[in-house]
Amino acid sequence: MSRQLANTLYSLSADYQRNIHPDDYEVVVVENRSEDNFDPSLLQQWSGNFRYTLRDEAAHTPVPAINFAFTQCRAPLIGLMIDGARMVSPRVLEYALMAASIAERALTIVPGYHLGSEEQHQSRGHDEKSEQKLLESIDWKNNGYLLFDIATFSGGNRNGFFQPFMECNCLFTSAACFREIGYADPRFTLKGGGSINLHMYRQLGMLPGVKLFLTPGEGSFHQYHGGVTTMDYQERDAELLAHKTQLHSFWPGGFHSLRREPALLGAVSHQAQRFLAMSVQLAENRYERLLNTKLPFWPDDDAVRNRRHQKISNKATMEAAVQIYFPPSLRQYHPRLIAVSTWADHIAFAYDLVEAIRPRKVVELGTYNGMSFFVFCQSMQDNDIDGVCYAVDTWKGDEHTGAYDDTIFNEVRHHARQQYRGISYLMRMLFSEAAPHFAPESIDLLHIDGLHTYAAVQEDFTTWYPKIRPGGLVLFHDIEARQSDFRVWKFWQELEQEHETFAFHHGYGLGVLRKPGGEPSDHQLLKLLFESSETEQQRLRQFYVHAGDFLDARRFREARRPKAEKKQPAGQAGKEKVKAEPEKPK
C-alpha cells in the first residue's frame, strides 16, 4: 500500500502539520516487506525527521513490527499508528504535545474516520481508484481539514465524541505508559494483528493516573487498501469472530470499550463541526437511556467517581424495590424491526430479560428473519450493555419452515450491519458446527428455536447446556405449539421436573430455564421469575400479555399520527416493518 503510506507520512511531515517545528518530533516508520512497499526516497522531499525500516516478516501480523518500532523510539512521548493507511489532520501533533504539557500521564486519542460516504466495507463502489479521485477533488495537502468533507465516522467511534470509543488507531501517551502495558502483546497473531489496537487502547486507558484527552477537531482518516477488517469479502464475518473471540479471552468477564470521560482539547474547524453536531445528538439519546436506567455514564473512571456512581446505583436499586413492576420495555422500547413471527408475543419480555441479566454473550440457535435476535441486540444497545449476540442458522430452511433462498439471510445480514455492527454476528452453519466455537460456561443467555421435533430440541439442549455459565439462562420457544410433530412441549415438561424454570403460556409459549450456580441477582424481574409465589408469577404472565398489547397499540397509534407530528424515538433508526398475524412458528 505504497500510495496510502505516502499520504500518511506526508500528513505527518512538517510541511503539513501546523504550529510545530521539525525538530520537535521524529517519525519512526516500520514496514513489513510486501509486493507494494513504500519508496523511502520520497522522504527526502518532505520537511521533518523520518527514519524508515523495511523488515522481513513471515507472520501476517504487525505486532513484531510494532514492538521493533518501540525499541527505536527515543522521545518521552510516543504516538502509535498501527495502520500505515491513516492520514491525519494538520494539528494532531500540536495537540498531542499540548496534552502532554498539561498532564504527565496524558493519553490523547484522535477520532477515526473512513474516506467516502460510508464505512469502506459497506460501500460497494468504493475502491482505491475511486478514493484517489475523491482525494484529487480536494486540495487536502494545503488544507487537511478538507478531508472531513469526504469522510464518515469509522466503526470504532461511530457514536461520536461523547460516548465510549471501542478503538483508537491514532493515540499518544508517554513511553512509560507503553512500558507498563508491556507494549504490543505478541499473542495477537491473527491476520492484521487481530484486535491488537482495541486491546492496547483499553490497556492504556485503564492505567492508574492516566488523563484522557480527545481532539474533536482532528481526525485520523482511513484509506482503502483491502485490509482484513475494512474490506467486504465472504470470510469477513468469520475473521471478525475470531478476532472478537481472542480479544475477549484476554479480559476477565470479556472485553468492552473504554468507558472513561475524555477532556476535549483543541479547536474545531467548520469542516469538522458537522461531526461535533452529530456527536451531540447521539449523546442526547445515550443520556436519556442512562438517565432512565440509572446506569453510570462513565463506569471506568477513577475510583472516587466509581464509588460515587455506585452510591447512586445502590440508592436507585433501593428505590426500585417496590411492588410495582415497570420495566424498560414500557419506558423506552420502540422496536426497530417487526416481522411475521410468533415471537412478537414475547419481545417485551426478551427486551427486559437482557436488561436484567446484562449478558456478555447471547447465542441464538435458529434465527430465520431475526425477530427475536434483533430484540436481544436492541436491548444490548439501548441499555449500554457491553456484550455480543451470535445468531446461528443455515438460513436454508428445514422440514417445518420449508426451504427458502438467500433473500431472508440477506435481509437479516443487512439489518445487522446497519443497526448492530460490532455487537451482532451471524454464523451461517449447523448448530453442531457452531458449538466448538464457544468455550464451556461462556454463554449467559441461550435461545433454542431450531427444528421443533423432540429429538432435535433434546440434541440442541444436550450439546449446548455445558456452554452455559452457572446461573445462566436458556430460552425455549414454542413450548405450547402442538401441531404436526412439534414436541418442544414434551421435552419442556421433562426439563421442568429437573430444573428451575418459568413458563409463559400465551402465544406459542416461551420457557425460561436457569442453570444452577452463579452469583445471586437482586434484579426484580429475576426474583419474580424464580423466587416469587404462584400468584405473583401468574400476575407476571398477565403483565407480559398486556405489555405485548401495549407495544402493539403504541405502534398503531404512532403509525396513525400525522407525518409532521411524528418524532423519531431515541435510538430508533430505519422504518419499521408492518406486523402481520403469524400463521406458523418461525
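The following paragraphs examine the structure supplied in this document. (Residues numbered from 1 in each chain as written. Predicted model: local features only at pLDDT ≥ 70, side-chain atom pairs only at ≥ 80, totals over all residues. Heavy atoms only, no water.)

We now examine the overall build of the protein chain. Across its full length, the protein chain carries 18 helices and 20 strands. When the 586 residues of the protein chain are sorted by exposure, 54% land in the buried category. Of all intrachain contacts in the protein chain linking residues separated by at least 6 positions in sequence, the fraction that spans at least 24 positions is 80%. Carbon and sulfur atoms make up 51% of the accessible area of the protein chain, which totals about 26400 Å². (Helix = DSSP H or I, 4+ residues; strand = E, 2+ residues; numbered from the N terminus. Buried < 20%, exposed > 50% of the residue type's maximum accessible area, 1.4 Å probe, protein only. Contact = heavy atoms within 4.5 Å. Areas by Shrake-Rupley, 256 points an atom, 1.4 Å probe, with all protein chains shown as cover.)

Within helix α1 (residues 2–11), 9 of the 10 residues are buried, leaving the element largely enclosed by the surrounding structure. Taken residue by residue, α1 has Arg3, Gln4, Leu5, Ala6, Asn7, Thr8, Leu9, Tyr10 and Ser11 as its buried positions.

Moving on: the side chain of Arg3. Relative to the helices and strands, Arg3 is located in helix α1. With residues up to four places along the chain from it excluded, the contact list for Arg3 reads Glu128, Glu131, Gln132, Leu135, Gln223 and Tyr224.

Turning our attention to the environment of Gln72. Structurally, Gln72 can be placed in helix α2 (residues 63–72). Residues contacting Gln72, with those up to four places away along its chain left out, are Glu26, Val28 and Arg51. A polar atom in the side chain of Gln72 sits 3.1 Å from the side chain of Thr71. (Polar contact = N/O pair within 3.5 Å; in protein donor to acceptor, adjacent residues only side chain to side chain.)

Moving on: the environment of Ala267. Relative to the helices and strands, Ala267 is located in the loop between β11 (263–264) and α8 (273–293). Considering only alpha carbons, one finds Ala267 and Gly217, 50 residues apart in sequence, at a separation of 5.7 Å. Setting aside chain neighbours within four positions, we find Ala267 in contact with Arg91, Tyr95, Gly217 and Glu218.

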